[in-house]
Each structure stands twice: as C-alpha cells, then as structure tokens.
Amino acid sequence: MATWAEFAAEQPDMAAFVQGRFAADRHALIATLRKDGSPRISGVEPDFARGELWAGMMPDSLKSKDLRRDPRFALHCTTTVASMTEAGDAKISGTAEFWTDKDAYLKDLFDRTEWQPKPEEIDLFRFDVTEVVQLIVEGDGMIVLSWHEGRGTRRVDKK
C-alpha cells in the first residue's frame, strides 16, 4: 500500500488535481463493505493533512464498523454535471487503518480549522491508496488517468 505522500511524490500533478477536487466540496462519498459483503455508501469529509489522507467518523458508526472489519474502501468526490464538465472528477481506492493515536492529528486539525473534537468523539482512519483516478472532460470526450500501485499511470481517451 502507498501512503498519500508516497503517491503524491510519484504523481504530483495527479495528486494536486485529486486533492483539489476533494477540496472543492468538503463532502464526499465513501463505499465500505457490510458484514455480508454488500456495499454501503456513506457521506464522509476526507482530509489531506500531514502528507496523509484521513477521515473522522462518529464513534461506532456503521461505516466505521465496516472499515474496522474490512478496511477496503472507495472514495468519490462530490460531482455534479456542471462540476464534472468544468473541473473533472476524482476517485481513490485502498485500505483504511483505524488510528488510535489521535493527538497529533487533532492538534493539526484544530490549528487549521479551530474545530477541536475530543478524542472519544471521533473514530479516526488513515487511508493508504492502491488506485487513484482522475477524469477530465475535454470537448466531446473524456480523458481518464488511472494510477494503480505497482503499475503506474494509464491514460484512456474516450470519445
């Protein structure tokens, strides 16, 4: 698994694009796997901080329980027809790690946002990435750049 910092060092332009798409709207969608293996879609607010990709969740929420049981996830930025056409789209897949040493992250979060949840008020996850996808509309077509850990980047032009 690659950390976000490792991916960003390998693909700085793609990392900047993807972070920008997620920053355009704090809200995103995360897909997790339920106990029976079926998918669950939930809202989440991903955070790129300290060279890592993070998300905090309500303690013992269903998405938190899903990730602690099976750490695989897929994350999708908020996209509308207008934002897709104008700014593109971004997706990230990988695995989540339940993070118990929250102090440094929460201090950083407070320094950036002045929001200070108590450690017991948040289930914190750090995400490693195995796939990152960037989509751009260009004219009547679409350009799909996909990075896969160990395989590098591939470009597909769709008309």
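Residues numbered from 1 in each chain as written. Predicted model: local features only at pLDDT ≥ 70, side-chain atom pairs only at ≥ 80, totals over all residues. Heavy atoms only, no water.

J.: Would you mind showing me how to read the overall build of the chain here?
T.: Check the secondary structure of the chain and you find five helices and nine strands. Shown N-terminal to C-terminal, the secondary structure of the chain runs as helices and strands in the order α-α-β-β-β-β-α-β-α-β-α-β-β-β. Summarising its shape, the C-alpha atoms of the chain cover approximately 50 × 40 × 30 Å along the three principal directions. Partitioning the intrachain contacts of the chain with sequence separation of at least 6 by distance along the chain shows that 59% fall at a separation of at least 24. Surface exposure of the chain reaches about 8,800 Å², of which carbon and sulfur atoms provide 52%. Taken together, the 22 basic and 28 acidic charged side chains of the chain have centroids lying 5 Å from each other. (Helix = DSSP H or I, 4+ residues; strand = E, 2+ residues; numbered from the N terminus. Contact = heavy atoms within 4.5 Å. Areas by Shrake-Rupley, 256 points an atom, 1.4 Å probe, with all protein chains shown as cover. Lys, Arg positive; Asp, Glu negative; His and termini not counted. Charge placed at Lys NZ, Arg CZ, Asp CG, Glu CD.)

J.: Explanation requested: the nonpolar core in the structure shown.
T.: Formed by 27 residues in total, the largest nonpolar core has its most connected members in Trp4, Val18, Phe22, Leu75, Ile92 and Phe127. Among the secondary structure elements, those contributing two or more residues to this core are helix 1 (4-10), helix 2 (12-24), strand 1 (28-33), strand 4 (52-57), strand 5 (72-77), strand 6 (89-99) and strand 7 (123-138). The element contributing the most residues to this core is helix 2, with five residues. Apart from residues no more than four positions distant in its own chain, Phe22 is found in contact with Ala28, Pro46, Phe48, Leu75, His76, Cys77, Ala90 and Ile92. (Core = buried A, V, L, I, M, F, W, Y, C linked by side-chain atoms within 4.5 Å. Buried < 20%, exposed > 50% of the residue type's maximum accessible area, 1.4 Å probe, protein only.)

J.: Looking at this model, I keep getting lost on the environment of Ser64. Mind explaining?
T.: The topology assignment puts Ser64 in helix 3 (residues 62-69). Look at Ser64 and you get buried, because its relative accessible area is 0%. Considering only alpha carbons, one finds Ser64 and Phe98, 34 residues apart in sequence, at a separation of 8.6 Å. Sequence-distant contacts of Ser64, defined by excluding residues within four places in its chain, comprise Met57, Met58, Asp123 and Phe125.

J.: Would you mind showing me how to read a positive patch on the surface here?
T.: On the surface, a cluster of positive charge is made up of Lys91, Arg151, Arg154 and Lys158. Turning to its location among the elements, Lys91 is positioned in strand 6. Assessed through its relative accessible area of 35%, Lys91 is described here as partly exposed. (Patch = residues over 30% accessible without salt bridge, like charges linked within 9 Å, V, L, I, M, F, W, Y side chains within 5 Å. Salt bridge = Lys/Arg side-chain N within 4 Å of Asp/Glu carboxyl O.)

J.: What should I look at first to understand the environment of Ser61 in this one?
T.: When you line up the elements, Ser61 lands in the loop between strand 4 and helix 3. Exposure remark for Ser61: the relative accessible area of 13% places this residue in the buried category. Considering only alpha carbons, one finds Ser61 and Arg155, 94 residues apart in sequence, at a separation of 37 Å.

J.: Where do I start with helix 3 in this structure?
T.: For an α-helix, 3.6 residues make a turn, and residues three or four places apart therefore share a direction. Buried within helix 3 are the following residues: Lys63, Ser64, Asp66 and Leu67. In a view along the axis of helix 3, the buried residues occupy a sector of 160°, so they form one face of it. Lining the buried residues of helix 3 we find strand 1, strand 2 (39-44), strand 4, strand 5, strand 6 and strand 7. (Arc of directions from axis to C-beta.)

J.: Explain the pattern of salt bridges here, please?
T.: As a working rule, side chains carrying opposite charge can pair if their charged atoms are close by. Applying the stated criterion to the full structure yields nine salt bridges. Residue Asp60 is joined to Arg68 by a salt bridge in which the shortest nitrogen-to-oxygen separation is 2.9 Å. Assessed through its relative accessible area of 36%, Arg68 is described here as partly exposed. Overlapping salt bridges, with partners in common, bring together Glu52, Glu97, Arg126 and Asp128 in one network.

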